[in-house]
Amino acid sequence: MLAIVDRVLLALVGLALFLGAGAVLAVGLGVPAPSWWIHDGPHDVLLDDAERTRWREADWWWPTVIAGLLVVLSLALWWAVAVVRRHRLAAVPLDTGDGGEASVRGRALESVLAEETSRLDGVDRADVLLTGSAEEPGATIRLRVDPRVDPADALDALARRVLEPARESTGLATLRARVRVGSSGIAADRVE
């Protein structure tokens, strides 16, 4: 969900900046401005003295400006933290048993988990994303199962035949998983 919000916000901000810059450039090059446009021509300044000082004496002006800027800053910080926090896990350390250091790449483990999950009965598709930290990794798994399959059976098979062996083979104490189960769409048979 956050990826969708991220893309939509980036697209809207980019579109607004592109259209605004294009409109300013067009008016600056001499294209006639519409009647509602804030500037009249290529020699007009962004803020003249009257525009800059119009609200200076109003008691509500500066608190409103500061509150608006704080809202924008808060949203920008939330967005930046959300983008940084949802990074993929680069590597998972392995317990070699002899005190040595070894690790498996996160994308390789994701690929193996997705492939093993896709082999389960009734699972049409599986997408896996490793999250968390190297000390406490987790997996976010999206399953598409056949509509005739009981989701509880699919989750039980996932836990027993995929997640437990993965946890044991990597030597992890726990491997948390968040699973979203959806149904694969099957077109109805035509009846005549």
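Residues numbered from 1 in each chain as written. Predicted model: local features only at pLDDT ≥ 70, side-chain atom pairs only at ≥ 80, totals over all residues. Heavy atoms only, no water.

*Asks:* Mind laying out the pairing of strand β4 (residues 137-145), listing which residues take part and the relevant values?
*Replies:* Working note: regular strand, side chains alternate between the two faces of the sheet. Burial of β4 is extensive: seven of the nine residues sit out of reach of the surface. With nine bridges connecting them, strand β3 (residues 123-132) and β4 associate as antiparallel partners. Within β4, the position partnered with R125 by the bridge is R144. The hairpin formed by β3 and β4 contains four residues between the paired strands. For β4 and strand β5 (residues 176-183), the ladder comprises eight bridges, and the chain directions are parallel. Its bridge partner lying in β5, A139 is registered against A177. This β-α-β element, β4 to helix α5 (residues 151-170) to β5, shows right-handed connectivity. (Buried < 20%, exposed > 50% of the residue type's maximum accessible area, 1.4 Å probe, protein only. Helix = DSSP H or I, 4+ residues; strand = E, 2+ residues; numbered from the N terminus. Pairing = 2+ DSSP bridges. Right-handed = clockwise from strand over helix to strand, strands pointing away.)

*Asks:* Lay out α5 in plain terms, naming residues and giving numbers.
*Replies:* Compared with the 28 Å implied by 1.5 Å per residue over 20 residues, the 27 Å span of α5 between its first and last C-alpha is a close match. Taken as a whole, α5 carries its principal kink of about 35° at A159. Residues of α5 that are buried make contact with β1 (91-95), α4 (106-118), β4 and β5. Once α5 finishes, G171 follows within two positions and takes phi at roughly 75°, a positive value. (Expected span 1.5 Å × (residues − 1). Bend = angle between axes of the 7 residues up to and from the residue. Contact = heavy atoms within 4.5 Å.)

*Asks:* Go over α4, please, and point to the residues and values.
*Replies:* Between its terminal C-alpha atoms α4 stretches 18 Å, which fits the 18 Å expected from 13 residues at 1.5 Å a residue. Where α4 is concerned, the buried positions are G106, L109, E110, L113, A114 and T117. The buried side chains of α4 occupy one side of the element, clustering within an arc of 135° when seen end-on. Residues of α4 that are buried in the fold lie against β1, β2 (101-105), β3, β4 and α5. (Arc of directions from axis to C-beta.)

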